[in-house]
Amino acid sequence: MSDDAEKNDSAERKDAAAAAKPGEATTAAQPATAAALEAGGQNVPPGPAGRTPLEVVDVRQGMFGVHGSGDTSGYGGLVVPVAMPGPSERPYGGWFDEVVDVLTEVLDASGTGFANAVESVVVDREELTLHVARQHVVEVARALRDDPDLRFELSLGVSGVHYPHETGRELHAVYHVVSVTHGRRLRFEVAVPEGDPHVPSTTAVYPTNDWHERETYDFFGIVFDGHPGLARIEMPDDWVGHPQRKDYPLGGIPVEYKGATVPPPDQRRSYS
Amino acid sequence: MSTDAPTTPHATGHIVDDETTGVPTFEASGGDWSQIAEEAARLGEERIVVNMGPQHPSTHGVLRLMLEIDGETVTEARAGIGYLHTGIEKNMEFRTWTQGVTFCTRMDYVAPLFQEAAYCLAVEKLLGITDDVPERASVIRVLMMELNRISSHLVCLATGGNELGATTVMTAGFTAREEILKIFELISGLRMNHAYIRPGGVAQDIPPGAIDTVREALVQIRVYIRQLEDLMLANPIFKARMVDVGYLGLAGCMALGITGPVLRSTGLPYDVRKAAPYCGYETYDFDVPTATDGDAYTRVVLRLEECYQSMRIVEQALDRLQKLGPGPVMVADKKVAWPAQLAIGADGMGNSLDHIKEIMGTSMEALIHHFKLVTEGFRVPAGQVFQTVEHPRGELGVHLVSDGGTRPYRAHFRDPSFNNLQAVSIMCEGGQVADVVVSVASLDPVLGGVDR
């Protein structure tokens, strides 16, 4: 069966399924109104005392991941904001302040300026994250590696995260570094828009990031400019699309077992 | 090529590289090497690229090595991976936090308990319950991880020996590993892919008599490891193949992010168990063996020494378990802890009859709770963490992102095998083709972990 025929066929089946459930359209779940959405968006739980409000990256609706299912329980109208931990205020605690101070000194001395290079400092769950502007990522990495008081000489690679709802900052590249000398570890994070997914490559500073950047490119489509050979690494060379993006389907087929059909994992009911 | 629209994801077709048309190529799949060499000489072609793998017995799975050779000398070596990519990280985004363990245990299948432990520690850090995990659960985790470290090193030594033609090393190594797999089966119910360590603790307590069984097995394992030492360490053939082969110095290791025995073979005693302790490793008494030669032989010696250190830790863990006595192996928080009480029934391991009697017979609320926690799972506050553990092959990192939901928003595993394979080029170039096998074996890559 050709692809087109299969699509038509499944469309027909869906129509048939809809026709078999008369009245579904009229008893659809309570839609979330614009007002409810706005109210829900403001309903951000306050962070612990002394911390700035959280950073909302998404507003989740409903509860079961299924919409228009005739759910009259009221959960369909649920609006929950999704917030990542926002920027932290000084003092960050422990050695975090010292590292940020030294980094400030190094970046200010070089003329880049800490404020230009580091967008925010997040301390969460006793871990330090520096959000770095993409044009300065190589300089920040070099400062972290080379300054004797920082000495983050070991890179544990790059991983990507896709936040499709964070408009203008959809794709994140997260770098994990370790200072064997001082026994410290931190991460720095670069966010770029989907439409312009370019980040300077850090392979000149951390050669180990070679394969990790290839992997992040392969799975997320973040283009690391200046990488010595930015080819796909896990997927075949002629693969289309970047599989770990949120809009890329997981795939899979329904499985029939003893008369019942189990849908593929990404089409099952989920309690998002 | 398929005619699909360019945006639709599709399986790969045959790659037709236009640039290579017109260049004389000769393909060989088996056969007599001298014939191939003669043909190459007749064509006047000096550049020979040999494709080793992905189906080659010395590549520990499906690693593809592209070697450019000049006679017997490797002038350029490149590793090609991806043949075992199964999208485990993507799959984990569609399962609950607890189900994630079942997936990540299948990454590096020779050392499954390390992925489980790292993942669970990361989930616990996200939940903020790291300190609530019962001590007994942490001790059991340490016990299982150290046994797993021994079994993983044994596989490395066994297959490494086998690749040199030393079949006895292989049989001795795998026989010793069998002792450990029996312990795993006794404790977790499975020889591999255990899904034994769970967010909040472990799936079930160790069965009665397990402590004595492990003690008895340790004696036997010690005998097998002594045998391996006798077979390998002073063996002139073994030493001729291994000494000064696959050299990588400290500067190279740091630049390439190489950790584990390969890094320690250059003299740096970097071990996550000491540098950033987890599961209470700071309270155990053990040494981090190092050497300074940085070659394949030294790595064999280090792995054997690490087996002894792991046995020291196992003995301490057993003493602690005996002293602790019975107790919880899962956090007390019923919103996180798996509700089922496992027991062995007539048809094998499953929910205990008492638990079924309670949820089906007496408590509606317990049934609802069980159902909700098993189908929906628990919610994890939004944020991200990075947790590392000392894997037999190096530093294993888990980058977990939660959006506050019941499933991981993103789970990334920084697998040491993946990273360490980058050293293949620097280790092999300029050496002999036969040394490639030794160098790759000394890195001990497991392709399930590399490709995930």
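Nothing here was measured: the structure is a model prediction, and the numbers come from that model.

Enquirer: Where do I start with the overall build of chain B in this structure?
Expert: Each helix and strand in chain B was counted, giving 18 helices and 10 strands. Its C-alpha atoms give chain B a radius of gyration of 24 Å, near enough to 22 Å, the size a compact globule of 452 residues would have. The principal-axis extent of the C-alpha atoms belonging to chain B is close to 85 × 60 × 45 Å. Considering chain B as a whole, with its 452 residues, one finds that 57% of them fall into the buried category. Of the contacts formed within chain B by residues at least 6 apart in sequence, a portion of 69% connects residues at least 24 apart.

Enquirer: Can you walk me through the pattern of salt bridges in this structure?
Expert: Pairs can form between side chains of opposite charge once their charged atoms are near each other. One pass over the structure, following the stated rule, counts 38 salt bridges over all chains. A salt bridge links Glu 395 of chain B to Arg 185 of chain A, with the nearest nitrogen and oxygen atoms 2.8 Å apart. One end of the pair, Glu 395 of chain B, is in strand S9 (residues 394–402); the other, Arg 185 of chain A, is in strand S7 (residues 184–192), on a second chain. With a relative accessible area of 0%, Glu 395 of chain B lands in the buried category.

Enquirer: Is there a simple way to think about empty space enclosed by the protein in this case?
Expert: Over the atoms, a rolled probe matching the size of one water molecule traces out where space is still vacant. All told, the structure shown has 4 cavities of 30 Å³ or more when counted by the stated rule. As a volume, the largest cavity reaches approximately 190 Å³. Taken together, 17 residues make up the lining of the largest cavity; nearest its centre are Met 84, Pro 85, His 131 and Glu 189 of chain A together with Gln 384 of chain B. Only strand S1 (55–61), strand S3 (118–124), strand S4 (127–132) and S7 of chain A together with strand S8 (383–391) of chain B provide two or more residues apiece to the lining of the largest cavity. Considering only residue class, the lining of the largest cavity consists of 5 nonpolar, 6 polar and 6 charged. Approximately 90 Å³ is the volume found for the second largest cavity.

Enquirer: Which parts of the structure should I look at to understand the state of the cysteines?
Expert: Note on terminology: a disulfide is the covalent bond linking the sulfur atoms of two cysteines. All names here are of chain B. Counted according to the given criterion, the structure contains 0 disulfides over all chains. The thiol of Cys 104 is unpaired, and the distance to the nearest cysteine sulfur, on Cys 120, comes to 6.8 Å. With no disulfide of its own, Cys 156 lies 9.4 Å from the sulfur of Cys 307, the closest cysteine sulfur.

Enquirer: It is not clear to me how the packing of aromatic side chains should be interpreted in this structure. Could you clarify?
Expert: Residue and element names in this part refer to chain B. Per the stated rule, a full pass over the model turns up 7 aromatic pairs over all chains. When the ring of Tyr 281 is compared with that of Phe 286, the centres are 6.1 Å apart and the planes differ by 70°; the resulting orientation is edge-to-face. The pair Tyr 281 / Phe 286 is uniform in exposure class, with both members buried. Taking the ring centre of Tyr 281 as reference, the NZ or CZ of Arg 273 above it sits at 5.9 Å.

Enquirer: I tried to follow helix H7 (residues 210–232) of chain B on my own but got confused; where do I start?
Expert: Helical geometry: 3.6 residues make up each α-helical turn, so side chains three or four residues apart lie on a common side. Residue and element names in this part refer to chain B. Taking 1.5 Å as the rise per residue, H7 with 23 residues should run 33 Å; its terminal C-alpha atoms sit 32 Å apart, in good agreement. All of the buried residues along H7 are Ala 210, Ile 211, Val 214, Ala 217, Leu 218, Ile 221, Tyr 224, Ile 225, Leu 228, Glu 229 and Met 232. Here the buried face of H7 lies against helix H5 (135–163), helix H6 (167–188), helix H8 (236–242) and helix H12 (296–324).

Enquirer: How should I be thinking about a nonpolar patch on the surface in this particular structure?
Expert: Together, Tyr 75, Leu 78 and Val 80 of chain A line one region of the surface with nonpolar side chains, adding up to about 220 Å² of accessible area. Tracing the backbone through its elements, the reader meets Leu 78 of chain A in the loop between S1 and strand S2 (79–84).

Enquirer: What's the story with the sheet that holds strand S5 (residues 154–162) of chain A in this structure? I'm lost.
Expert: Each strand in a sheet pairs with its neighbour through backbone hydrogen bonds, running either in the same direction (parallel) or in the opposite one (antiparallel). Residue and element names in this part refer to chain A. Read across the sheet, 5 strands follow the order S3-S4-S7-S6-S5 without closing on themselves; strand pairing throughout is mixed. The two strands at the open ends of the sheet, each matched to only one other strand, are S3 and S5. Here the strands of the sheet are splayed against their neighbours by 20° on average, with no regard to which way each runs. Here S4 pairs with S7 via 3 bridges, running parallel. Each bridged residue has a counterpart across the sheet, and for His 131 the counterpart in S7 is Glu 189.

Enquirer: Even after reading the chapter, I still don't get the interface of chain A and chain B, so can you show me in this structure?
Expert: Size of an interface, as often reported, equals the accessible area lost when the parts are brought together. The interface of chain A with chain B comprises 59 residues on the first partner and 61 residues on the second. For the chain A and chain B pair, buried surface summed over both sides reaches about 5000 Å², with 55% attributable to carbon and sulfur atoms. On the chain A side of the interface with chain B, the three residues burying the most area are Arg 125, Trp 211 and Tyr 271 of chain A, jointly 15% of the side's total. Inspection of the region where chain A meets chain B yields 5 salt bridges. The partner of Glu 234 of chain A in a salt bridge is Arg 452 of chain B, and the shortest N-O contact between them spans 4.0 Å. Scanning the region where chain A abuts chain B turns up 27 residue pairs in polar contact (both at pLDDT 80 or more). Of all the secondary structure elements, the ones that give two or more residues to the side of chain A that touches chain B are S2, S4, S5, strand S6 (171–179), S7 and helix H6 (209–220) of chain A.

Enquirer: Looking at this model, I keep getting lost on the pairing of S8 of chain B. Mind explaining?
Expert: Within a regular strand, side chains alternate between the sheet's two faces. All names here are of chain B. Within S8, 9 of the 9 residues are buried, leaving the element largely enclosed by the surrounding structure. In S8, alternate side chains face the same way, and those of Gly 383, Val 385, Gln 387, Val 389 and His 391 on one face and Gln 384, Phe 386, Thr 388 and Glu 390 on the other are all buried. Two strands pair when backbone bridges link them, and S8 and S9 are joined in this way by 9 bridges, in the antiparallel orientation. The partner of Val 385 across the bridge, within S9, is Leu 400.

Enquirer: Sorry if this is basic, but what is going on with the nonpolar core here?
Expert: Across soluble globular proteins, nonpolar side chains show a tendency to be buried alongside one another. One finds Leu 65, Met 92, Tyr 119, Tyr 196, Ile 225, Leu 400 and Phe 413 of chain B to be the most contacted residues of the largest nonpolar core, which totals 131 residues. Other than its neighbours up to four places away in sequence, Leu 400 of chain B contacts Trp 97, Tyr 119, Ala 122, Val 123, Leu 126, Gly 383, Gln 384, Val 385, Pro 408, Arg 410 and Ala 411 of chain B. With 42 residues, the next largest nonpolar core counts Val 118, Ala 141, Val 190 and Val 192 of chain A among its residues.

Enquirer: Hey, could you run me through the environment of Gly 251 of chain A in this one?
Expert: All names here are of chain A. With respect to the helices, strands and loops of the structure, Gly 251 is situated in the loop between strand S9 (223–225) and strand S10 (255–257). In this structure Gly 251 comes out as partly exposed when scored by relative accessible area, which is 33%. Counting along the chain gives 15 residues from Gly 251 to Asp 266, while the straight-line C-alpha distance between them is 7.4 Å. Each residue touching Gly 251, except ones within four places of it in the same chain, is listed here: Pro 264 and Asp 266.

Enquirer: Explanation requested: the packing of H7 of chain B against H12 of chain B in the structure shown.
Expert: Packed helices, taken two at a time, are described by the angle their axes make and the gap between the axes. Residue and element names in this part refer to chain B. Where H7 meets H12, the closest approach of the two axes is 11 Å, and the angle between their N-to-C directions is 170°. By the angle between their axes, H7 is roughly antiparallel relative to H12. Across the interface between the two elements, Ile 211, Val 214, Arg 215, Leu 218, Ile 221, Arg 222, Ile 225, Arg 226, Leu 228, Glu 229 and Met 232 of H7 pack against Val 300, Leu 304, Cys 307, Tyr 308, Met 311, Val 314, Glu 315, Leu 318, Asp 319, Leu 321 and Gln 322 of H12. For the contact of H7 with H12, the per-class residue count stands at 15 nonpolar, 1 polar and 6 charged.

Enquirer: Looking at this model, I keep getting lost on the confidence of the model for chain B. Mind explaining?
Expert: Low pLDDT means the predicted coordinates in that region are not meant to be read closely. All names here are of chain B. Confidence in the prediction for chain B averages 86 pLDDT; 92% of positions are at 70 or higher. Segment residues 1–18 is flagged for pLDDT under 50; beyond a separation of four residues in sequence, or across chains, it makes 19 contacts in the model. On the interface metric, ipTM, the complex scores 0.84, and its pTM is 0.85.

Basis of the calculations
- Residues numbered from 1 in each chain as written.
- Chains lettered and ligands numbered in written order.
- Predicted model: local features only at pLDDT ≥ 70, side-chain atom pairs only at ≥ 80, totals over all residues.
- Heavy atoms only, no water.
- Helix = DSSP H or I, 4+ residues; strand = E, 2+ residues; numbered from the N terminus.
- Rg over C-alpha atoms; globule rule 2.2 N^0.38 Å.
- Buried < 20%, exposed > 50% of the residue type's maximum accessible area, 1.4 Å probe, protein only.
- Contact = heavy atoms within 4.5 Å.
- Salt bridge = Lys/Arg side-chain N within 4 Å of Asp/Glu carboxyl O.
- 1 Å grid on protein atoms, 1.4 Å probe; cavity = no way out; pocket = protein on both sides within 12 Å on 5 of 7 lines; lining within 4 Å.
- Points joined across faces, edges and corners; volume = space filled by probe spheres on them.
- Nonpolar A, V, L, I, M, F, W, Y, C, P; charged D, E, K, R; others polar.
- Disulfide = S-S within 2.5 Å.
- Phe/Tyr/Trp six-rings, centres within 6.5 Å; stacked < 30°, edge-to-face > 60°.
- Lys NZ or Arg CZ within 6 Å of the ring centre and 35° of its normal.
- Expected span 1.5 Å × (residues − 1).
- Patch = residues over 30% accessible without salt bridge, like charges linked within 9 Å, V, L, I, M, F, W, Y side chains within 5 Å.
- Areas by Shrake-Rupley, 256 points an atom, 1.4 Å probe, with all protein chains shown as cover.
- Pairing = 2+ DSSP bridges.
- Axes fitted to C-alpha atoms, helices over the stretch in contact; angles between N-to-C directions.
- Buried area = accessible area lost by both parts, 1.4 Å probe.
- Polar contact = N/O pair within 3.5 Å; in protein donor to acceptor, adjacent residues only side chain to side chain.
- Core = buried A, V, L, I, M, F, W, Y, C linked by side-chain atoms within 4.5 Å.
- Parallel < 35°, antiparallel > 145°, perpendicular 65-115°, else oblique.
- pLDDT = per-residue confidence, 0-100.

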